[in-house]
Every structure is written in structure tokens, then in C-alpha cells.
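Per-entry structural report
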Amino acid sequence: MRIVYFLRETVTNLRRNLLMTIAAVSTVAISLLLLGGVQILGLVVHNVTLNWEAKVEVSAFLRNDATQGEIQDLESRLSHMPQVQHVTYVSQRQAFEEFKQQNRDHPEFWQALGPNSLPASLRIKLTDARYAPEIALALQGAPGVQTVKYGGDIIKRLLQVNQVLRTVTLAMSVILLVAAAGLIANTIRLAIYARREEIGIMKLVGATNWFIRVPFMLEGLFAALVGALVSGGLVYAANELVFSHLGNALPFLGPVFDFSTGDIVSVLVLLVAVGVLVGLLGSSLALRRFLEV
Amino acid sequence: MIKTVNVSKEYSKGVHALSDVSIDIAKGEFVFVVGPSGSGKSTLIKLLTKEEEPTAGEIYVAGKNLNNLPRWRVPYLRRNVGCVFQDFKLLPNKTVFENVAFGLEVIGRPRSVVQRQVPQILELVGLGEKLDRFPDELSGGEQQRVSIARAFVNRPLILLADEPTGNLDPATSVGIMRLLDRINRTGTTVLMATHDHAIVDSMRRRVIELEDGMIVRDQSRGIYGVGT
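First things first, this report covers the structure right here in the doc. Worth saying up front: this structure is predicted, and the values here are computed from it rather than measured. (Residues numbered from 1 in each chain as written. Chains lettered and ligands numbered in written order. Predicted model: local features only at pLDDT ≥ 70, side-chain atom pairs only at ≥ 80, totals over all residues. Heavy atoms only, no water.)

When helices and strands are counted, chain A shows ten helices and four strands. Along chain A, helices and strands appear, N-terminal first, in the series α-α-β-α-β-α-α-β-α-β-α-α-α-α. When contacts within chain A are restricted to residue pairs at least 6 apart in sequence, those whose partners lie at least 24 apart make up 86%. Carbon together with sulfur atoms contributes 64% to the accessible area of chain A, which is approximately 16000 Å² in total. (Helix = DSSP H or I, 4+ residues; strand = E, 2+ residues; numbered from the N terminus. Contact = heavy atoms within 4.5 Å. Areas by Shrake-Rupley, 256 points an atom, 1.4 Å probe, with all protein chains shown as cover.)

Here it is in C-alpha cells:
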């Protein structure tokens, strides 16, 4: 009985202010779509970094006079570090062979070099590319080590760009979400105004404040939820129709747009959760100063 | 049933609506509160439903001390106190039945109770045939009956009426007074604010007269004015 009453009231309110309801719903949808975009961007950057990180390794070039003992010390020290996945020793000869292999079309590069002209090195594969600077620092100046190199700069740059992009888009979606909450609040305020007579009588005959509030709260919640579902639907459709085919259409991108179902679901859950939050925020904004008596 | 102890109400800017008002009304009494406009009648009624808070003094309604009644309990107080106003306060887009049912629905009464009590009370106020009419299809007297039905459908202990005949012609007013009298006879305490001489004089009930917010007379079986 109560639930039927609440739902009937909510629907009536929404219908009475159809235009404001549409405005509120679409603002929620757009701002949540932006938020969804931020999340997708995050997933893309995550994929890209994963791609790059797989290629990151730290190379410690050894002095030519490094002793067998020093090399073994280094190797065992490194393999005991939790950040290190595994360590490979590359001798001078192996390094020269690799170089030859890499430049087989330009024999002039290596013909003049002797097999011992390139330094031996330890190649260190990490559990996470983030540790590269740390490991590099630890190796710098260790006995037997000449120089340390790692391809971390590009990752650092990528993460920085990602950070900036995320911050900007996040700020935009927060601003839009606040606007959405305001619009929802306004929609509800209009609904309250349209029904002030009824509300007065409800108070008069002893309806509790919660009883009066619930239809209005449901209204805000409903507007936000519809907005969230619209934006969620668009994100889902974009994934199904565009992203999942992008890998095939543009193979050079690599697996950048391959998202797991879990990833997409968590984005959708986030959108709906934030939508509900915005709806509640807007409703309570509108109801805060109302029903004082 | 209703008791005020040295109650004063001062609105902002030093307007004294009520000064040192002490009233004691027993269960089942019928009391007129009379006095010219601005004498504090409406303020007294607003204090009794906790729509306004007194500046000083204590108020007891239906056994509750309103001074320390928490805000969330106020709706439950109002379920024991029916209210009728000069302007009826009916919802124009609801039928007679729906207007009265509304008063029960919004305090969470089940549908079965609504279906049983609403026709009963409308029969009592003499509108048993007009359940499906809208307020603007009724005369003023009939509209006031609907409003009384809504105030009384929940069987409150107290009925407060603020100038219920203020918008009605004398003949119609008599009908409303008969109805209030009948409600009073069911044991409901009735407090009615009015400045209608004829009604007060014909009923011969207790009269409390206010002037400038002060009680100048409290007389059982009184008439409107002594010497006016």
C-alpha cells in the first residue's frame, strides 16, 4: 500500500515537471559519460603501460675488468631482490652477436669491431617497471658495474600524460556532476512547490516528514538512475560496437582496446553508484530546508 | 485535555500575540475562543499544534508537554488533533472521497480502513451522496463539511476549528455548528475560534475572550460579549 502510494506520487511528480526531469536526466547522463570516458581512458593507459612495461628491463653494463666473483655477487644479490623477476648474464661475445644480428643489413657498423669491443652486461627483468629507477640506483657504482641503463623515461612520460588527462577529465566530470545534483535539486524543488498545498495538508493531518519526503527522494533517485543507465548503456555499446573491433581494424595499436568483461562491468557499476549518489545528494539538497514545521 | 500555563508568544519585532495565557480545558468540553482580529486566537491554535513555539510558559495537549515534545513526534501529536480552517484547505483535484481518504492514507492507514471509514464519516457529515464530487462542485457549507470529515475521520481526541464559519452565511453556519456539536457529543474536545456573535450566543458554551493577547474573560455557558 505504502509502496504503491510512493511510486504513484513519484511518477506524478516526474510527469508534472517533464522538462526539468529531462534536463536533470541528460545532465546526469552526460557527466557520467565523461566519468565513464575517464575510466575507459584509464583502462587504455593501463593496457599501454602493460605493453611497454613488458619491454622494460634494466641493463647493468659491466666493467671489462670485472671479476667472475663480482659478477656472481651481483647476480645473486639481484636475484634475491623481490622486485627482480630474473637476471640474465650477457657476455661480451653474446652482446656482439646480438649487435651483429640487429644490424645485419649494415655490416659496416660492426665489421670494424672486435668480438670483445662491447661490454658484458646483466639484463634484469623486473616484476614491475616502476622499480626500474630504484634498481638502477642500487646498481650504480656497485663493484664491477660501469653504467646502468633502463628504458624508463618513456614510461614516466606516459604515466605523466595519463595523470594530467585523468585529472582534467575527472575535474570536468566532478563539475558536471555537481551541476547535475543542482539540477536534480531544482527539479525536486519545483515538484515540492507544485504540491505545497498537499504537503501543507499532509503536515496538518500528521503525516511524518519521512512519509512526505520519500516520493521526492525517489524522484531524484529515479532521474539520476535513468541518467546513469543511459551513460552506462552508451559505454557498454561503445565497447561492444567499437572498442572490441578496433584491435582487428587497427592492428598496429596492439591490445590497447581489449578490455576484460570485469573491467567494463566495474566501470558500469561505478557509473550507477555515482549516479545514485548524485541523486541522493540532489534530493537532500532540495529537502534540507523544507519541512521545518 | 488542553492546558496552557502562563503562555506568552512574542513574534519578532516585539509583537506580543499572547501574554500570560493560562487555560485549562477538560476532556469533552466545547470551548469558544472569541475576540477581535489580532487578539491572538489563531496564534493560540498554532501553539496547540506546535506549528509555533511559545516564547514562555508551558502547553499540554492530549497529555503531552509540547515544550519538550521532540520535532519528530509532532506528526503523531497532530493525529490526535484535528484541524478545521476558514478556507477549508481542500485539494481541488481530488474528489470528496479522495480528500478525506488522503487524510488517512498519508498517516499510513491501510486501504481497508480507508474504504470503511471514509464513507462512514461522509455519511455522518451529510455528504454520503456526494463522494465523487470535486470541491468546486460543492457549496461553501458542503466544502467545510468535507474538511471537518477529514479532520475527524481519524477520530482525534481534540478538534480545533479556526473561524470555521468565517466564509459561510448564517444559515449554513448553523448546520456546521450542529455538526461540530454532534462531534463534541462523541466525547471529542472542541475548541473553536470565532467572532460570530450569533453562534456563540445560541450555543451557550464556555467562552474564553482574548483581547490584545490576554484573557479578559473565561465564562462557562457564556455569550459573545457582556455589554457589547
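What follows picks up the thread again.
This next bit is on helix α3 (residues 96-105) of chain B. Summarising burial for α3 of chain B: nine of the ten residues are buried, a large majority. Residues of α3 of chain B that are buried include every one of Val 96, Phe 97, Asn 99, Val 100, Ala 101, Phe 102, Gly 103, Leu 104 and Glu 105 of chain B, and no others. Check the buried side of α3 of chain B and you find it contacts α1 (2-16), α8 (196-204) and α9 (209-249) of chain A together with α4 (111-124) and α5 (140-152) of chain B. (Buried < 20%, exposed > 50% of the residue type's maximum accessible area, 1.4 Å probe, protein only.)

Below, the discussion takes up the interface of chain B and chain A. The partner chain A presents 18 residues to the 22 residues of chain B that form the contact. Around 1800 Å² of area is buried between chain B and chain A when both sides are counted, 62% of it from carbon and sulfur atoms. Considering only the surface of chain B that becomes buried against chain A, Arg 78, Phe 102 and Val 106 of chain B emerge as the three largest contributors, covering 28% of it. At the junction of chain B with chain A, the criterion picks out zero salt bridges. The tally of links from chain B across to chain A stands at two residue pairs in polar contact (both at pLDDT 80 or more). (Buried area = accessible area lost by both parts, 1.4 Å probe. Salt bridge = Lys/Arg side-chain N within 4 Å of Asp/Glu carboxyl O. Polar contact = N/O pair within 3.5 Å; in protein donor to acceptor, adjacent residues only side chain to side chain.)

Each strand in a sheet pairs with another by means of backbone hydrogen bonds, the pair being arranged parallel or else antiparallel. Residue and element names in this part refer to chain B. Spatial strand order, β6-β7-β8-β3-β9-β10: six strands in an open sheet with mixed pairing. Among the strands making up the open sheet, the edge pair consists of β6 (81-85) and β10 (214-219). For this sheet, the mean angle separating the axes of adjacent strands, direction not counted, is 15°. Judged from the four bridges that link them, strand β3 (residues 30-34) and strand β9 (residues 206-211) form a sheet pairing that is parallel. In the sheet register, Phe 32 faces β9, and the bridge partner there is Val 207. Relative to β6, α5 is tilted by about 165°, and along the sheet it contacts β6 and β7 (158-162). (Pairing = 2+ DSSP bridges. Axes fitted to C-alpha atoms, helices over the stretch in contact; angles between N-to-C directions.)

Let us look at the pairing of strand β8 (residues 189-194) of chain B. All names here are of chain B. Across the six residues of β8, six count as buried, placing the element largely inside the fold. As paired elements, β3 and β8 share five bridges and run parallel to each other. Note on β8: the bridge partner recorded for Phe 32 is Met 192. As paired strands, β7 and β8 are joined by five bridges and run parallel to one another. What sits directly across from Ala 161, in β8, is Met 192.

All names here are of chain A. The four strands lie next to each other as β2-β3-β1-β4, forming an open sheet whose pairing is antiparallel. Looking along the sheet, the strands with just one partner apiece sit at the ends: β2 (84-90) and β4 (145-150). With strand direction ignored, the average angle separating the axes of adjacent strands in the sheet is 20°. Packing against the sheet, helix α6 (residues 132-139) makes contact with β1 (57-62), β2, β3 (121-126) and β4, and its axis sits at approximately 175° to β4.

Oppositely charged side chains are able to pair whenever their charged atoms sit close together. Enumeration according to the criterion identifies 13 salt bridges over all chains in this entry. Ionic pairing is found between Arg 123 of chain A and Glu 98 of chain A, a salt bridge with its closest N-O pair at 2.7 Å. Placement of Arg 123 of chain A in strand β3 and of Glu 98 of chain A in helix α4 (residues 92-102) is noted, with a sequence separation of 25 residues between them. Bridged by salt links that share partners, the residues Glu 29, Arg 206 and Asp 218 of chain B form one connected network.

Residue and element names in this part refer to chain B. At a closest axis distance of 10 Å, the pairing of α3 and α4 adopts a crossing angle of 125°. Taken together, the axes of α3 and α4 are oblique relative to one another. Read as a crossing pair, α3 and α4 show a hand that is right-handed. Contacts between α3 and α4 involve Val 96, Phe 97, Val 100, Ala 101, Leu 104 and Glu 105 on the former and, on the latter, Val 114, Gln 115, Gln 117, Val 118, Pro 119, Ile 121 and Leu 122. Among the residues making up the contact of α3 with α4, the classes are represented as ten nonpolar, two polar and one charged. (Parallel < 35°, antiparallel > 145°, perpendicular 65-115°, else oblique. Left-handed = near helix turned anticlockwise from the far one by under 90°. Nonpolar A, V, L, I, M, F, W, Y, C, P; charged D, E, K, R; others polar.)

A few words now on the pairing of β6 of chain B. All names here are of chain B. With five of its five residues buried, β6 lies for the most part within the structure. Across the two faces of β6 the burial is the same, with Val 81, Cys 83 and Phe 85 and Gly 82 and Val 84 all buried. The pairing of β6 with β7 spans five bridges and is classified as parallel. For Cys 83, the partnering residue across the bridge sits in β7 and is Leu 160.

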